[in-house]
Structures are given as C-alpha cells and as structure tokens.
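Structure at a glance
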Amino acid sequence: MKTAGIIAEYNPFHNGHRYQMEQARELTNADYMITAMSGDFVQRGLPAILDKHTRAKAALLSGSDLVIELPVTAACASAEYFAVSGVELLGKAGADIICYGCETQNEELMAALVFALTEESDCFFHMVSDALKKGCSYPQARQEALCEFLYTWDREEIADFLSSPNNILALEYEKAIAVWNKTHSRKLCGCAIPRVGAGYYSTDVHTEFISATAVRQRAFNVRAPFLLYPMLFRRVPYSSLMSLVNARRRGQLADMDAFSAVLYERLLSLQESGYEKFADCTPALSAKIRNELWQYLGFRSFAALLKSRDVTYTRVCRVLLHILLGITKDDYKRLQGGNGILYLRILGFKKEASPLLSAVSKKAPVPLVTKVADASKILHPNALQLFEKDLYAASLYRGVISLQCNEVLPNEYTTSPVIIP
C-alpha cells in the first residue's frame, strides 16, 4: 500500500487544491491520499472562513481518502513548526510521500538550501546573527545568511526563490522530511508539485485556478450570496462553492473581526502581566500591545496598528491569535524534537478507504481519536492537554459564529467525522 500525504488548510477548497491532489496521485502512483488539515484557525493567524468539517468534506469529495486534523498549536504556528508538525503527523499516519506545492522547480537549489538550514553550521548561525545585529528582520537575516553561505549560487536566484510563500513552505517541508529521516527507520520523501494559476496573494478571478485569497475576498464582499455562484462557478468545486454560498446566506462565514470583542476582553484581562509568554511574542511587541490597547477598535485594525518594519502583519495576527487561544512558547517547545503529534484526530474519510483507516489504526504509534468523548480515556495527560486546546479553539469558533448567525451550531461532542460513501 503506497500512501501520499498533503499538508493543507483549504481555506477554502478551490480548483488549485483539486489539481494538486490529482497531480499527487499521478506523480506518486499512490493507492491512498491522506490530508493533514488545519482546524478552525489557520497559519496566518486567522479563523478559517468555513469550519473544519465542512472543509474536510470538500477535500474528501475532491480526492482525499482520509483527513486528519493538525492540532491547533501547530496549525497556528510559524512556517517551520507548521511544516515539522504536518510532516510528523503524516509520518505517524503511515504516509510514504509528502506532496507540496512549489513555485520554482529547482531541485538542486532546494537541496542546497535544505543542507544549509539543517546541518546546523556555526558559520551559518553567525551569519544570521550578524544580519540581525544590523537591523534585519529574521526572514531578511536568514536570506542574507543563505546568500553568503551558498556563495556559489546567484544571489538573485536565492532571493527570488525565497520571495514566494509557497517556496518558503516547501523548503520547510523538505527540512522537516530531512529531520524525520534522521530519526526514523521508515523514510519519507518529498514530491514538489508546480503551482498553477494565480499567485498566492492574487485577487484575480478571471482564471480557472484562482487563489484562496481571491475566493475569500469575493465571499465576504459580494452584495448577495447568490452572486457567488456565477462569480466562482468552475473555479471552485461544486461542493465547496455551495458550502460558501450557504454559509454566506446564513451568516456563518468566519472573518477575523467577528472575534474582535473576545480578543479585546482577553487582551484587557492580561494587560497588567503582559504577553511575553505567548508564542511568537517578543518583549517589545508585548510592550507595544499594552501601550496601544487603548486604541483598540477591532482585530484587523489593531493588527495593522501593531505591525512594523521588523514585525509583519501576519506575525502580529499570529501573536494575537496565540494570546486569544492561550498558545504559549512552552507549547511551541513541545512541537520540537519530532514528538509533538501525540494523537491523530480523524475529521473524515471515505468508506472505500477502510483498508487505509484500518492500517493507520493498527500501525500508528499514537492513538486515533474518532469520538471526542473517548479522548480522556485513550490519551495520556500530555496528549489530553494538547487535545483540550483543540477543543477550546473549536468551541470558541463555534460560539462566535453561533452568535453571529443567531443559530446554535453543533459542538465537538455532537459532530461525527465526515464519512463519504
């Protein structure tokens, strides 16, 4: 049984994601596809536009055989921890190949970058440190150090490669695969799939393969829900499109500003002690949050107020989300060392993939969670503590969207895994 895995957010699922799955099957000749998918909050520090079970169903209807939730601590982490956890989850679920999207098909450059970042050279770390002392942000410092360390490569070629969010994530996946292979007898390999269509941040909808950014923008800004159908028809798989249309009609699309009130209460309650203990938050940013809290008008505007030359808007959003969800630096540390994935939470599967689910159940080195009520019985205390963060995040998401649409939505205990006949 050959199994390929994809790490994804599907925020929301669109034609580019379906294309990636099709290419993954074709290039790997895999019997089954496993998706490690973010839950209700995503890596850019935002709530997912649709809940995790709806997005899991879209993935299953478009090619995935099994969808496993990436724990919220990892799903909302920086690219490095996100990739490490995703690779570890798929490795423990029995995947043989990790497939990922990539803008630039240059295997030699990718291998050189992975070598520079994983061999832990003192020389390379000194180069990064020197660049940081000159006032560079960490991404800039790392790029500068890589250009110096890989002096035989063209600097512009390295800079171009690192300018793409998809390439940066692809690099992190290959790093994580290299780390996994050093410590496990069963080896993983990576499979780069060229990205097609619009760029990561593009808002263009006049192409078959539009970005998730463009889909979200249209979903939130369209004047009437029914207008989404002709606008996104044939650019988003039918099941995903109808989920967007229905959620828009019912007022169930999740936007970051829907969480503004609960975030403000959280920030206010912690103002006196500060925010340094939360993941990604520096002392300087903690002080800035405390000093600027009196100007708070909402999640989006406050993040824009806090961003600076050294701290990007995305990182600020991630820090604010970490504060909201209670994700600390200690939680980040638990993701290191290849032992951060302590369970596999099944979000959905295809009935015809029962041999895959059976194999995962028998061979996985960590427990499978299919019923939330059973978690306390099958997880050891450390795993249960991590799982409870998932439950808190899901409950917060459900509660905020329930208030927004004035409808009581199903909770984690009443929602079963999605099963596709």
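It should be noted that the structure appears before, not after, this text.
Here is a short report on the structure shown in this document.

Quick notes on the rules
- Residues numbered from 1 in each chain as written.
- Predicted model: local features only at pLDDT ≥ 70, side-chain atom pairs only at ≥ 80, totals over all residues.
- Heavy atoms only, no water.
- Helix = DSSP H or I, 4+ residues; strand = E, 2+ residues; numbered from the N terminus.
- Buried < 20%, exposed > 50% of the residue type's maximum accessible area, 1.4 Å probe, protein only.
- Contact = heavy atoms within 4.5 Å.
- Polar contact = N/O pair within 3.5 Å; in protein donor to acceptor, adjacent residues only side chain to side chain.
- Expected span 1.5 Å × (residues − 1).
- Arc of directions from axis to C-beta.
- 1 Å grid on protein atoms, 1.4 Å probe; cavity = no way out; pocket = protein on both sides within 12 Å on 5 of 7 lines; lining within 4 Å.
- Points joined across faces, edges and corners; volume = space filled by probe spheres on them.
- Phe/Tyr/Trp six-rings, centres within 6.5 Å; stacked < 30°, edge-to-face > 60°.

Moving on to the environment of Glu69. Looking at where Glu69 falls in the secondary structure, it is placed in strand 5 (residues 66–70). Classification of Glu69 by relative accessible area gives buried; the value is 4%. Leave out the neighbours within four places in its chain, and Glu69 touches Met37, Gly39, Lys52, Leu89, Arg345, Leu347 and Asp390. Reaching out from Glu69, the side chain makes a polar contact with the side chain of Lys52 at a distance of 3.1 Å.

With twelve residues, helix 6 (residues 122–133) extends 16 Å from end C-alpha to end C-alpha; this agrees with the ideal 16 Å at 1.5 Å per step. Every buried residue of helix 6 is listed here: Phe124, Met127, Val128 and Ala131. What you see down the axis of helix 6 is that its buried residues fit within an arc of 95 degrees, all on one side. For helix 6, the exposed residues lying more than 90 degrees away from the buried face are Asp122, His126 and Lys133. Tucked into the core, helix 6 has its buried residues touching helix 5 (107–118) and helix 7 (138–149). Of the residues flanking the end of helix 6, it is Gly135, one or two places downstream, whose phi is positive at about 100 degrees.

Here the focus is the layout of surface pockets. Reported here for the second largest pocket is a volume of approximately 750 Å³. In terms of lining residues, the second largest pocket is bounded by 29 residues, among which Asp51, His53, Thr54, Gln252 and Pro410 are the most central. Only helix 2 (52–61), helix 12 (238–250) and helix 20 (381–405) provide two or more residues apiece to the lining of the second largest pocket. No other element matches the seven residues that helix 12 contributes to the lining of the second largest pocket.

Before going further, it helps to spend a moment on helix 16 (residues 313–325). With 13 residues, helix 16 extends 18 Å between its outermost C-alpha atoms, agreeing within 8% with the 18 Å of an ideal straight helix rising 1.5 Å per residue. Burial analysis of helix 16 places ten of its 13 residues in the buried class, which makes it a mostly covered element. For helix 16, the full list of buried residues reads Val316, Cys317, Arg318, Val319, Leu320, Leu321, His322, Ile323, Leu324 and Leu325. One or two residues past the end of helix 16 sits Gly326, with phi positive at roughly 75 degrees.

A cis amide bond links Asn11 to the next residue, Pro12, at an omega of -5 degrees. Looking at the secondary structure, you find Pro12 in the loop between strand 1 (3–8) and helix 1 (15–28). In this structure, Tyr10 takes a positive phi of about 50 degrees despite not being glycine. Along the chain, the position of Tyr10 falls in the loop between strand 1 and helix 1. Positive phi outside glycine occurs at Asp280, with the angle close to 75 degrees. In this structure, Asp280 sits in the loop between helix 13 (260–269) and helix 14 (283–292).

Tallying each qualifying case throughout the model produces eleven aromatic pairs. Taken together, a centroid distance of 4.5 Å and an interplanar angle of 45 degrees make the contact between Tyr81 and Tyr332 tilted. Of this pair, Tyr81 sits in helix 4 (residues 79–92) while Tyr332 sits in helix 17 (residues 329–334), and the two are 251 residues apart along the sequence. A residue is classified by how much of its surface remains accessible, and Tyr332, at 6% relative accessible area, is buried. When the ring of Tyr100 is compared with that of Tyr173, the centres are 5.9 Å apart and the planes differ by 40 degrees; the resulting orientation is tilted. One end of the pair, Tyr100, is in strand 6 (residues 97–102); the other, Tyr173, is in helix 9 (residues 165–183), and 73 residues separate them in sequence. Both residues of the pair, Tyr100 and Tyr173, count as buried. Put simply, the rings of Phe41, Phe259 and Tyr397 pair up and form one aromatic cluster.

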